[in-house]
Structures are given as C-alpha cells and as structure tokens.
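# Notes for the structure review
One-letter residues, chain by chain:
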Amino acid sequence: MTFDYDRGRTAPDRPAPTPPDVSRTPSVVQSLRTHAGAGGGVPFSVEFNPPRDAAGEARLWRAVREFERMHPAFVSMTYGAGGSTKDRTVRITGELAQETTLLPVAHLTAVGHSVAELRSLVGSYADSGIRNLLVLRGDPPGDPLGEWTKHPEGVEYAEELVRIVRDLGDFHVGVASFPQGHHRSPDLDHDTRYLAAKLRAGAEYSITQMFFDVEHYLRLRDRMAALDPVEATKPIIPELMPITSLRTVTRAEELCGRPLPAAVMARLRAAAGDGPEEDKAAVRAEGIEIATEMAQRLIDEGAPCLHFITLNFAKATSEVLTNLGYGVTAAPLSA
Ligand SMILES: Cc1cc2nc3c(=O)[nH]c(=O)nc-3n(C[C@H](O)[C@H](O)[C@H](O)COP(=O)(O)OP(=O)(O)OC[C@H]3O[C@@H](n4cnc5c(N)ncnc54)[C@H](O)[C@@H]3O)c2cc1C
C-alpha cells in the first residue's frame, strides 16, 4: 500500500473504489440547506479547473484537501472549451465523488458536441457517481467573444441541454446567470427572460458570472422577482474571485468579459503604488479586503451561498472565509 501525499489517500495499488450509491447523492439545493442548517450561516462553495498536467493535478488535490476541512456545500469543476481535456476532467470529477467527502458538480458545455456525445458524456459522469451538473452553452474555443456556431447535431442554447439532461434521468441541474447581462444579450430584460426559461426547463438554481459590484447581483435578483416570482425563489448563487495581483485583474476581466469597476481598480492601483514594481503584498491584501467586503454585503443581503473561483489555489479564498469568521468546522449534521 502506498500513500499519495498529493491526494491525501492510499493509492494506487488498492482495489478501484466502488462508485457511491448515487441515489443518496444530495442535490446542490439540498446541500445548501444542510450546510446552512449545520453552521447557522451562509454556506460557501468553490470552483476548480481541470489541471493541464501532473503538477497541476497535484496542486488541485492540495487545494481539494484544504477545502475539504472547511466543508463547502459543493465544489464545481469547469469544462474546457470544446472538451480538449474531457477524459481528465471526467476522471478527476469522478475521483472527487468517490474519494472525498465533497459534493462535486460537473460543468457540462454544448460547444463542439453533438447531442449524442453530450448524452454519452452525461452517462460517463453518472457512471462515476456525479448527479449534479451545471449546464452551459459554453463559448467558442480560442476566442470566448468570437462568433458562436452550433454543432450541426448539437444544441443552440443551454435551455435545450437542460431539457436533454433532465430527460436522461435523475440529475440535478444548475445554469449560469449574468448580473450584468450575457455579452450576447441585447439588454438586461432579454437576458433575464432566458434565465427564467432555463429555470422553467428544470434547472434548480443558477450560479452567476463573477462581478465586482454587489448592486449588479441585487438588481438581477430584483429583475427575476419582477419577471417570474416562482422561478425567482430558486437560489441565485453569487460568484466571487479574490484579486491577488494586477495579473489576476486581467484574468478576472477575461472571465467576466468586462472591465472591473473604476472604484475597485482605483483601490488596487493605489495599493500597487507608484514605484517601478507593483507592491504585490499590498495589492493582494487589498484584493482580499475587497472580496471580504463584497462577501459580507452578500451575506447581509441574504445570498444563499458564496461561490469562489479558486484557480485551484486554496489560500486566498481561505483568507476571505477566515475574515468572515468561517473556519474548520464540524461536519454538517447529515449528508
Ligand atoms: C457560473 C459559470 C460557469 C461557467 N463555466 C463554464 C465552463 O465550465 N466552460 C465553459 O466553456 N464556459 C463556462 N461558462 C461560460 C458560459 O458557457 C458562457 O458565458 C456562454 O457564452 C453562455 O452560456 P449559457 O449557458 O448562459 O448560454 P445560454 O443560456 O444558451 O445563453 C446564451 C445567449 O443566448 C441568449 N438566449 C438563450 N436562450 C435563448 C433563446 N431561446 N432565444 C434567443 N436567445 C437566447 C442568452 O440571453 C445569451 O445571450 C460559465 C459561465 C458561468 C456564469
């Protein structure tokens, strides 16, 4: 028997783990309830990305084990544009289900896949014990803002994929929401209308695109409540990313497709200083402070969960959670 320090488990000369009994796998919404009930506070969750190589995989597992001690309500694993890392993504997400106490959510995107391939991919996730899927259309590979072209035998919009997944069996589905509107939506009303359509098609919650002004999240909630009071009761989970350097600002702007608010940039630039080199420690401290302030406001405003983009590092998110009073807590009351 060998011990794999990167994963904190015995491997690889032991029998393959038995896939869990998925009929007992909670949904994200059930897990939010359980976690809120256990600690009396707002649950948190984290997002991971499929690693590119063995070193990246080791780093991911270190982050996984760090977060496992803090009992997130769920962890999500993104899906690379067009499925370039498909096999590794499915394998690692399955390992999260089988070898940790975490509840994994697999992102499923329509880019470059026929409906038959998408059905088979959902089957692979089911075989490895995944019942929670975040269903997305995805962006064109290479240039996320480039022209969207549907696969000839694929789907045009995420809403169709929500229906396909729901028809395949007992899956729990989440979708994306956009506090500032999706970049292809002509206006916010159009955007909200199609978010409501995805929820009506069977999605149980949405996770937002990251934002840096809490007002955008609150206004999305208002628009949903005005448009469809029934669907508006489904959790809208806000996504946060702690800024740790001016380079992370570029990454954040790529991911949300918009510049950061001027007030946030002013704070980060003031921290960076006027010298030839960015004051990295000060920028990082300011970034953590900004994320902490946003998270506290979201808690005060009744957000159902705080979802953190981690880029497979645990430290920055842990610091924000520690600032908010989260810590290594007792396990939730029941799974
Ligand atoms: C939390 C989160 C996680 C993400 N994870 C990933 C990931 O893992 N991998 C990845 O590649 N991308 C990911 N993305 C990016 C996402 O795939 C893109 O933003 C994509 O462009 C939109 O996906 P969607 O599911 O919202 O698409 P849709 O809901 O299909 O919407 C796309 C556009 O079409 C409009 N629309 C929808 N339905 C209709 C209709 N019936 N008629 C007319 N217009 C319509 C919408 O308003 C929107 O403008 C993520 C985004 C978020 C917010």
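Structure report, in brief. (Residues numbered from 1 in each chain as written. Predicted model: local features only at pLDDT ≥ 70, side-chain atom pairs only at ≥ 80, totals over all residues.)

## So, the packing of helix 4 (residues 115-127) against helix 5 (residues 158-168)
Viewed as axis vectors pointing N to C, helix 4 and helix 5 meet at an angle of 50°, and their least axial separation amounts to 11 Å. The angle between helix 4 and helix 5 falls in the class oblique. Crossing angle aside, the handedness with which helix 4 passes helix 5 is right-handed. Residue-level contacts link Val 115, Leu 118, Arg 119 and Val 122 of helix 4 to Leu 161, Ile 164, Val 165 and Leu 168 of helix 5. (Axes fitted to C-alpha atoms, helices over the stretch in contact; angles between N-to-C directions. Helix = DSSP H or I, 4+ residues; strand = E, 2+ residues; numbered from the N terminus. Parallel < 35°, antiparallel > 145°, perpendicular 65-115°, else oblique. Left-handed = near helix turned anticlockwise from the far one by under 90°. Contact = placed C-beta atoms within 7 Å.)

## As for helix 8 (residues 246-256)
Residues Val 249, Ala 252 and Cys 256 constitute the buried set of helix 8. For helix 8, the arc enclosing every buried residue in end-on projection is 65°, short of the 170-degree limit, so these residues lie on one face. Counted as exposed and oriented over 90 degrees from the buried face of helix 8: Arg 247, Thr 250 and Glu 254. Turning to helix 8, the residues buried within the fold contact helix 9 (262-272). At the C-terminal side of helix 8, Gly 257 shows a positive phi close to 70°. (Buried ≥ 20, exposed ≤ 12 C-beta atoms within 10 Å, placed from the backbone. Arc of directions from axis to C-beta.)

## Considerations on the environment of Trp 148
Position of Trp 148 among the secondary structure elements: in the loop between strand 6 (132-136) and helix 5. For Trp 148, a count of 15 C-beta atoms within 10 Å corresponds to the partly exposed category. Along the sequence, Trp 148 and Arg 137 sit eleven residues apart, while their C-alpha atoms lie 9.7 Å from each other.

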